Each structure stands twice: as structure tokens, then as C-alpha cells.
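# Coordinate inspection notes
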Amino acid sequence: MLTHHTHLHFNLISAINHHHFHHSKLLLTSSLQPLPEIHKSTTQIPIHTNPNSKILRTHNSKSSSLLLNPQTRPQNDAVSLSEQEKDTILQLSLVRKRPPQFPGSIYTRPPHGNDLSTPPLSTLLREDEDDEEMLIRAVEIRRKVALEIFIEVMVRKGKFGITYSTNVGNRISGFIDLVMIEAAFMKKDPEFSRLSFNARARCFIEESNVVPLIRWLKHNSLSHPQIATLISVSKGNMGLIMKRAEWLKSVHVKGRSIGIVFMRVGEILVKRSIEELDEIVTYLESKGVRMDWMGYVISRCAEILAFDMKDLKTRVSFYTDMGMNDHDFGTMVYDYPKVLGYYTLDEMKLKVNYLKDFGLNNEDVGRLLAIKPQLMACGIEEQFKPLLKLFYYLGVNKDGVKRILVVKPVVFCVDLETTLVPKVQFLLDMGIKEDAVGRMLAKCPPLLTYSLYKKIRPVVVFLLTKAGVTQKNIAKVVASAPGLLGCSVANKLDGNVKYFLSLGIRLHQLGDMIADFPILLRYNTELLRPKYRYLRRTMVRPLQDLIEFPRYLSYSLEEKIIPRHKVLVENRVNFKLRYMLATSDEDFHQRVQAAIENRQNFESGNFSPCMQDVESDAESESEIETDIDYDDTIANYSY
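A quick note: this is a predicted structure, and the numbers were derived from the prediction, not measured.

Turning next to the overall build of the protein. Along the protein, the regular secondary structure elements total 33 helices and zero strands. Across the 639 residues of the protein, 45% fall into the buried class. Within the protein, contacts between residues separated by at least 24 positions form 71% of all contacts whose residues are at least 6 apart in sequence. Carbon and sulfur atoms make up 52% of the accessible area of the protein, which totals about 34600 Å².

If you want it as C-alpha cells, here you go:
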């Protein structure tokens, strides 16, 4: 490139010297013309040939002195130029737009005032010790000229702003150098041999289609630094970028996502062949990632295209070795594409081993990651350990933590300070003890995912104001039925409360029923109506029996209520609902036999007072409320 510019400089020097000589010849012709006569005298004024005579005109002093005194021709080699003068000569000789000058000079203003003009451009290249430095300076000037031309094409052809065009141009120095080299090389082509450097550079920029490409990349939301990086990597071959864009469209990458892919792995993508990219996509498709998912996966994790096949197969086998089939792997990658290509293998192994410390085996971790692959995005020090400290502070043991992890793994992915801590503090402020809060979390892990202001607080306010629950019992209700906090007030709780009130139950009685059996409001009213109808019409029981024992509504009508009621009717005995339902089959039959014997003794006149003891014992036993497991009854609830 420097050699070419050396020839360019010598051509420019020759043109300048030719112009200078032609101007001196014209001056000589004009000087030999006869002067006009003065007072019709035949005497002519002689031409001054005295070398010591003073020349009044200085702008052509050099050419005049050469004419009048040929023996005193100056030697260019003896001229000494300052650094400022050298830079001025280079800039005025190579800039894109030269300032207007008078004929025969290369300066807008002579640097030495009225002295002789500074020697021409060829003087700079005759000094052997400065040749390399001068060529470097000349290249820098040409580079600035090429940059100015690029900015001009961006503004005029691409309709970009000057600031944006300048920002892009300043970041694509490699492309600007290419423009400078190609413009110089085009000089050899007869078609462009007569064009100036500026015209050749402009022609190359327009033919490279770089301006439409920049417009397209900007339309796809790439910033000017990212655009500059892609152009520099393409090395002037803009077709590479367009071909890769067409390939991305063929695998269902759409719209702005194409720009995102170029932004993340544009350098590697341009260097990859289409065959290598097709091989990656074909392999992922064989492992369960459907082709219509491929665009979504690549746009969310473009780093997949940066792996070679060996690295990609290693990452895929990391998950398949944990028992994942193709379906689980494909849905996992679609659900969270970064799980495959965003993290290093060491990070992935470290997190899997940490999850195994909770008592999970390899297959359990595989199933867990298939359900919630976002666990790979959670930091051990940033999220896992602080969350475990909170659980241990609340009294949650290792089994409880394992249950939370298996039932609701998203709990380990949410922010601790802004999401979990305010909910725990709200429960503590209600009067629930710390260990009770821990049991609530282990019993109902989804509780930590409920919104505090959209779910938890509105439910608590509703229970206090609309459901008759007192301030004294609210902590007991929430602690006993934490799943109640996830119910919709408008779609679930309000309708259930209105149903019980429509039965004739007073508000304070309903509050006592909820305190006795908190999950009462979670049942579907369509399941409650047949039980209530059987209680009132078939069993002919008063409403007070239901108020005293609201758990009646939790038992199966076909499997328990009707069979036991038939037994009582057949044996002509009657129990309270508590004794009828809240016992095992063996205890129920023993109680029935005791009641039959007591009735027979009473009818025969042999009343035994021991029967009262039996009845009192049964009543004392029935006072012990049977706890209903959360998981066993959840199927009968609706939210």
C-alpha cells in the first residue's frame, strides 16, 4: 500500500511541476513583448538584467528569478523545511477539497512572507531520512480523505445523519483502509484510470453495498458499534452478512431477532460456513428441538451457533446422561434456551452437584431441570445460600427444603429481598410464630409464589371483613390452611361465603366454622350442595349440626356419609355427625354395637350406667380433631 502511494505522490509532483513550468513559459512570453511608446519616442525601455535589482512582485518571484537569472537556479536539495511546512504541503496536495489558490503556488499563503515560495511536493520525498515518515503521513491523510468520502456517501445516498455517519465511520477503520487500497488498485483499470482518487473511492463504496447493509442492520436494532464490528469482520464482503441473514430466516429467526443474533455472535457467524450451521441445526432437531422452535431457541441463545460439534454434543450429553429423553430435552431447551449454551460446563456441573446435596439423585435432578431449567441461572452464593439461611431460620428442615425444591422449584429462582422476605414478614406480623411459618412453607410451597398485594393481603382482609373471622383466629386460620391465601376473592371466596350465608348461617357462626375448619371456603359449592341436601332432607338433621361440625362437608357422600347413615338407620341408633364420621370403620362399628346394647338394656329395664361412661369416653375422644392432610384433600378444592 505504501509503494502505491509513493507512485501516487510522484505523479502528483510531476503534475505540479508541469503546471509550474507552463506558467513560467507564459510569463516569459509576456515579458518579451515591447512596452508601449511614451511621448512617441523611438527609445525602448531595456529589460533589467541586473541580478541585484529588486523584484517588487513576490507571488511569482520564483519563476521570474529563474527567467532573469538562470545561473542562480535554486537547488531543492538545499532547502530545509519545518515540520509544519511539510504537513501543510501534504495536506494541500492530498486533501479531498483544496482551498482556492492563485496560479503557480501550492500554498494559500507563502510561509516565508515576501521570501521565495517553499519548494514543491517532490522536495519532501528527496530527503532520504524522512521518506518513510512522509509516506506514513501521506497514508494518514489519504485515510482521512477516504473517511470523508464514506461519510459523504452515507449522508447523500443512505440519508443518514452526519453524527451517525461519523460515529460509524470512526469505528470501521479496517473498511476505510480497504476503501483506500481498492481505490488505489482501481487506478490500473482502464475504466477508472482517468478518475481521481475521490471518484474511485466513492465508486467502490457504492458498489460494495455497505450503505444499504448499514440501513438494514440499523433497522434491526443494532447499534453503530455493533454494525461497525460486523462490517470490519466481513472485510468488505457484504454478501457474507446477507447470506447469513437469509440462513437465519430459513431456520425461523424473524424480525429483530436477526439483529440480536448478529449482535451476539456476528463475528463467529460470518466466519462459519452454511454447512457447519446446518449441521448444528440438524443435530439439535434430532435431539428433540423441533424445527419450528429453532428460531426461538437461536434468538434467545445465539451462542449455540458459536460451538463446534464436539462442544455441542458434550453439552447435550450432560443433560441426557441425567435420564432426560428427547422430548424432555427439547422442551427444556425451548423453555429456557440459555440452559444449553450460555453457561460453562464447570458452572453447570457445580450447580447440579449442589442440587444433589438436598437428597436428590441424578435422575431427580434431571426431572427437576426438565421442569424448571431456570435453576441453572441461579447463583449458589447469590440465591441458593441466602434462601437456605432464611429457611433454617424459620425452622424448615432438610426434608422440608427438598419438598419445596421438588414441588415449587421456582421459589429458588425469585429474588429473596424483594419477593420472599416481605411475605414472611407479613405472616410474622399477623401473629404466626416462626416455626409455624416454616411448617406453612413446607406444607404449601406455592405460598411463596403468591403475590403479597394481589393475593395474600386481599384474602386476609376479606376473611376479617366479609367472612366473619375474628382478629384472634386469623393467625390460626392462615397457619392451618396456607393454601387459602392463593384463592381468588372474587371468583372463589366471595361466592362460597354467600352460599353459606344463604343457608341461614350467621356471619359470626361462619367465622367460627372457618376457624374450626379453615379449608371450608376452598370447596366447590357444586360438591357441597348434594351433601347439604342429604343432611337436611334424608338425614333430617338441623342446621346446627353442620355449624357444630363443618368437617361433614369434607367427607365423601357416596363412600362414607350414605353407608354409615344406613348402618345407623338399620340399627335404629343415632350419633352426632362428629361420632358418625370422624372415626375409623372399626371404631364406628364398635360404637354402633355399644349403642345397640345400651338400647336393648334400656328397653328391657336393665339400664347400665356404664353406657354413660362409654358415651363420655367417645365424646372425649371425639374432641380430638382429626387433622386432614393438605395433599389428600387438595383434589376437592378449586381456586
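The subject of this paragraph is the nonpolar core. Residues Phe150, Tyr319, Leu369, Phe391, Phe412 and Tyr552 are the most contacted members of the largest nonpolar core, which totals 176 residues. A total of nine residues in this core trace back to one element, the largest contributor, which is helix H4 (residues 131–156).

So, about the packing of helix H14 (residues 309–320) against helix H17 (residues 345–356). Two elements in contact, H14 and H17, have axes separated by 11 Å at closest approach and are oriented at 5°. For the element pair H14 / H17, the angle class is roughly parallel. Here Thr314, Arg315, Phe318 and Tyr319 of H14 lie close against H17, whose contacting residues are Leu345, Met348, Lys349 and Val352. Its residues assigned to classes, the contact of H14 with H17 comprises five nonpolar, one polar and two charged.

Moving on, we come to the packing of aromatic side chains. The full count for this structure, using the stated rule, is 17 aromatic pairs. Between Tyr342 and Tyr343, the aromatic rings sit 5.2 Å apart at their centres with planes inclined by 85°, giving edge-to-face as the arrangement. Residue Tyr342 is classed as partly exposed on the basis of its relative accessible area, which comes to 45%. The buried category is assigned to Tyr343, whose relative accessible area is 11%. With 5.5 Å between their ring centres and 65° between their planes, Tyr499 and Phe500 make a pair best called edge-to-face. As far as the burial class goes, Tyr499 and Phe500 line up, both buried.

Bringing the environment of Ile474 into the picture now. Mapped onto the secondary structure, Ile474 falls in helix H24 (residues 474–480). Here the alpha-carbon distance between Ile474 and Pro518, two residues 44 residues apart in the chain, equals 9.8 Å.

It is worth spelling out helix H29 (residues 557–570) at this point. Over its 14 residues, H29 extends 18 Å from the first C-alpha to the last, a length consistent with the 20 Å expected when each residue adds 1.5 Å. Contact partners of the buried residues in H29: helix H27 (525–538), helix H30 (577–581) and helix H31 (585–604). For H29, the N-terminal cap is Ser556; the gap from its side-chain oxygen to the backbone nitrogen of Glu559 is 3.3 Å. Looking at the residues trailing H29, positive phi occurs at Arg572, about 55°.

Moving on to the pattern of salt bridges. For the structure on display, the rule yields 13 salt bridges. Arg290 serves as the salt-bridge partner of Asp292, at 2.9 Å between the closest nitrogen and oxygen. Linking Asp364 and Arg367 is a salt bridge whose minimum nitrogen-to-oxygen distance equals 2.1 Å. Here Asp364 pairs with Arg367, and both are found in helix H18 (residues 362–371), just three residues apart, close to one helical turn.

Basis of the calculations
Residues numbered from 1 in each chain as written. Predicted model: local features only at pLDDT ≥ 70, side-chain atom pairs only at ≥ 80, totals over all residues. Heavy atoms only, no water. Helix = DSSP H or I, 4+ residues; strand = E, 2+ residues; numbered from the N terminus. Buried < 20%, exposed > 50% of the residue type's maximum accessible area, 1.4 Å probe, protein only. Contact = heavy atoms within 4.5 Å. Areas by Shrake-Rupley, 256 points an atom, 1.4 Å probe, with all protein chains shown as cover. Core = buried A, V, L, I, M, F, W, Y, C linked by side-chain atoms within 4.5 Å. Axes fitted to C-alpha atoms, helices over the stretch in contact; angles between N-to-C directions. Parallel < 35°, antiparallel > 145°, perpendicular 65-115°, else oblique. Nonpolar A, V, L, I, M, F, W, Y, C, P; charged D, E, K, R; others polar. Phe/Tyr/Trp six-rings, centres within 6.5 Å; stacked < 30°, edge-to-face > 60°. Expected span 1.5 Å × (residues − 1). Polar contact = N/O pair within 3.5 Å; in protein donor to acceptor, adjacent residues only side chain to side chain. Salt bridge = Lys/Arg side-chain N within 4 Å of Asp/Glu carboxyl O.

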